[in-house]
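Here is how the chains run, residue by residue.
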Amino acid sequence: VMNADGSGQITIFLSTAAFPDLSALDWSPDGAKIAFDHDTAPSGDISDIFTMNADGSGVARITSARDFEFFYHPAWSPDGSRIVFAYGAVISFFPFLQTNSLFILNANGTRQTLRDGVYVNPDWSPDGTMIAFDDSIDIFILNQNGSGLVNLTDSQAQDYDPSWGTAPRRTLFDFDGDGRSDISVFRPSEGKWYVVRSTAGVSVANWGTAGDILTPGDFDGDNKSDTAVFRPSTGQWFVVRSSDSRIRVSNWGVEGDRPMAQDYDGDGLDDLGVYRPSEGRWYIVKSSNSGFDTIKWGNSTDVPVSGDFDGDGRADPAVYRNGTWHVAGSTAGFVVSNWGTANDMPVAADYDGDGKTDRAVYRPSEGNWYIFKSLNNGIDVVNFGNSTDVPVPGDYDGDGKYDQAFYRNGTWHIKGSAAGISVTNWGEASDIAIPAR
């Protein structure tokens, strides 16, 4: 292995002359382990799948091939709980006959037959729901339960070795599209947004009134946050699209609703959504097809905290209730977990850069951030702030990990995961920090 710049090369596993072939290495999602296939007979007539720790220790053989059996091309599932791999075996030489399949190895050691046939190079979709593979001629996809086979290429050319791409990383409160959250405030006395765009410079926009709720989001899909407000008195959304400066006015909500704009359908555009405390219900307009979803999830005293908690590219309705998180995952299903106390402030964000929203709270009485990281189930406790500060987490240094930050009477204090601590004066005591949760 080596660093991304080519430095720090070290040998973590050494093949022998008797067993030379080692191939198809694949990192586990948390970076802790590596899966690979390796010949287990000098003749090369047997191949098994192994795992090892990232430093080369803890080598474990996880399949048991017999003569002329081959387990190969392992690939970890996005949650690290399963490995998909190809299998082949010679069952007769005269006449020559062989059998081939794709399998999934579950965490409990059981094996699931995915598809029979000469299929190789499997690769999981980022949300873990589908698998791509090839037969050395065409590329296919199917659901992780083996259903829904689709030939994607079906051409005369040879198409092989598919790999899923990932959607561009979306950063909240990024008004210039450079992948960094921008320091920004709304001045109710003027109805103006004052934004320090990290690349494009300062912008001032007159948009909103003193009673409006700020709802910036990427409603036009250009990877830039749009200036937007929700007007509780009328249930209207007022959005200025950053791509073309067009104004959008939408009726969605009633007085008392909490605006919760996020991308609930995974199409790259934020959707209009509200949480209605009086009903404990979410109302969402999907931008992908203009349809709407409603889900009963919460009660009148809950704090809505939507985010992509299961990492499938779709925001999940969630509420925080006196130290308990209730998440309606679009892939993972309903999850209830304890993290925090009744007086904590939820500050959910992706602090470890794994593409999943982490459960996190800010405890004003201590000035501590308590973060439960989804990447490795680790815990971070960071002392940064005091009892009157307003937490404003964001990815201010653009490294893909959200930073602890707070707003204090016109001053921004940011503890960047890559850039370190910075202090910036921007705003007045009566301003509203736009990234405030």
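Here the structure is shown first, and the text comes after it.
Now for a quick tour of the structure.

**Some thoughts on the nonpolar core**
Across soluble globular proteins, you tend to see nonpolar side chains buried next to one another. Counting 14 residues, the largest nonpolar core has V84, L102, I104, L114, W124, I131 and F133 as the members making the most contacts within it. Every element with two or more residues in this core is listed here: strand 5 (69-76), strand 6 (83-93), strand 7 (96-105), strand 9 (120-124), strand 10 (130-134) and strand 11 (139-143). Here V84 is in contact with H73, P74, A75, F103, I104, L114, P122, W124 and I131, once residues within four sequence places are set aside.

**Digging into the packing of aromatic side chains**
Here the structure, examined in full by the defined rule, presents 21 aromatic pairs. Taken together, the aromatic side chains of F71, F85, Y87 and F103 make up a single cluster linked through ring pairs. The side chain of R187 reaches across the aromatic face of Y194, ending 4.4 Å from its centre.

**What about the pairing of strand 31 (residues 379-383)?**
Across five bridges, strand 30 (residues 368-372) lies against strand 31 in antiparallel orientation. Considered in strand 31, the bridge of I371 is made with D380. In textbook terms, the turn of a hairpin is the stretch between consecutive antiparallel strands, and for strand 30 and strand 31 this stretch comprises six residues, one of which, N377, has a positive phi near 60 degrees.

**Examining the sheet that holds strand 21 (residues 272-276)**
With respect to topology, four strands assemble into an open sheet ordered 20-21-22-23, the strand pairing being antiparallel. Each of the sheet's edge strands pairs with one partner strand only, and the pair in question is strand 20 (258-259) and strand 23 (292-296). Judged from the five bridges that link them, strand 21 and strand 22 (residues 281-285) form a sheet pairing that is antiparallel. Looking at strand 22, one finds that V274 is bridged to Y283.

**With respect to unusual backbone geometry**
The phi dihedral of F173 falls on the positive side, at around 60 degrees, and the residue is not glycine. Take F173: its relative accessible area is 9%, and that puts it in the buried class. For N377, which is not glycine, the phi dihedral falls at a positive 60 degrees. In this fold, N377 is placed in the loop between strand 30 and strand 31.

**Examining the pattern of salt bridges**
A full pass over the atoms with the stated rule returns 19 salt bridges. Between E69 and R66 there is a salt bridge; the shortest N-O distance is 3.4 Å. Salt-bridge contacts for D257 lead to R276; the nearest nitrogen and oxygen are separated by 2.8 Å. Taken together, the residues D257 in the loop between strand 19 (247-251) and strand 20 and R276 in strand 21 connect sequence positions 19 residues apart. Classification of D257 as buried rests on a relative accessible area of 2%. Salt bridges sharing common partners tie together R187, E190, E428 and D431.

**Details of the environment of G291**
Within the secondary structure layout, G291 lies in the loop between strand 22 and strand 23. Through-space distance from the C-alpha of G291 to that of S92 is 56 Å; in sequence the pair is 199 residues apart. When sequence neighbours within four positions are dropped, the list of residues in contact with G291 reads I284, V285 and K286.

**Quick look at the side chain of D431**
Among the structural elements, D431 can be located in the loop between strand 35 (420-425) and strand 36 (432-433). A distance of 2.9 Å separates a polar atom in the side chain of D431 from a polar atom in the side chain of R187. Here E428 takes part through its backbone nitrogen, which lies 2.7 Å from a polar atom of the side chain of D431.

**Overview of the environment of D310**
Counting through the fold element by element, D310 comes out in the loop between strand 24 (303-304) and strand 25 (318-321). Residue D310 is classed as buried on the basis of its relative accessible area of 14%. D310 sits 22 residues away from A332 along the chain, and the two C-alpha atoms are 6.0 Å apart. Excluding residues that lie within four positions of it along the chain, D310 makes contacts with D316, G329, S330, T331, A332 and K356. From its side chain, D310 meets the backbone nitrogen of T331 in a polar contact 2.8 Å long.

About the cut-offs
- Going along each chain's sequence as written, the residues are numbered from 1 onward.
- Only residues with pLDDT of at least 70 get local features here, since the model is predicted, and only at 80 or more are side-chain atom pairs given and counted; chain-wide, interface and lining totals rely on the full set of residues.
- In computing side-chain values, all of the structure's heavy atoms are included and hydrogens and water are not.
- Put simply, a nonpolar core is a bunch of buried Ala, Val, Leu, Ile, Met, Phe, Trp, Tyr and Cys residues held in one set by side-chain atoms that sit within 4.5 Å of each other.
- Using a 1.4 Å probe on the protein chains alone, a residue whose accessible area is under 20% of its type maximum counts as buried, one over 50% counts as exposed, and one in between counts as partly exposed.
- Numbered from the N terminus, helices here are DSSP runs of H or I no shorter than four residues, and strands are runs of E no shorter than two.
- Residue contacts are defined here by distance: any two heavy atoms, one from each residue, within 4.5 Å place the two residues in contact.
- Pairing of aromatic side chains requires ring centres within 6.5 Å, counting the rings of Phe and Tyr and the six-membered ring of Trp. Pairs whose planes differ by under 30 degrees are stacked, by over 60 edge-to-face, and all others tilted.
- By the criterion adopted, a ring carries a charge over it if an Arg CZ or a Lys NZ lies within 6 Å of its centre and within 35 degrees of its normal.
- Strands pair, by our definition, only if DSSP identifies at least two bridges between them.
- Between Lys or Arg on one side and Asp or Glu on the other, a salt bridge is scored when a side-chain nitrogen of the former is within 4 Å of a carboxyl oxygen of the latter.
- Any pair of N or O atoms that falls within 3.5 Å is considered a polar contact. Within protein, one atom must be able to donate a hydrogen and the other to accept it, and sequence-neighbouring residues count only if both atoms are side-chain atoms.

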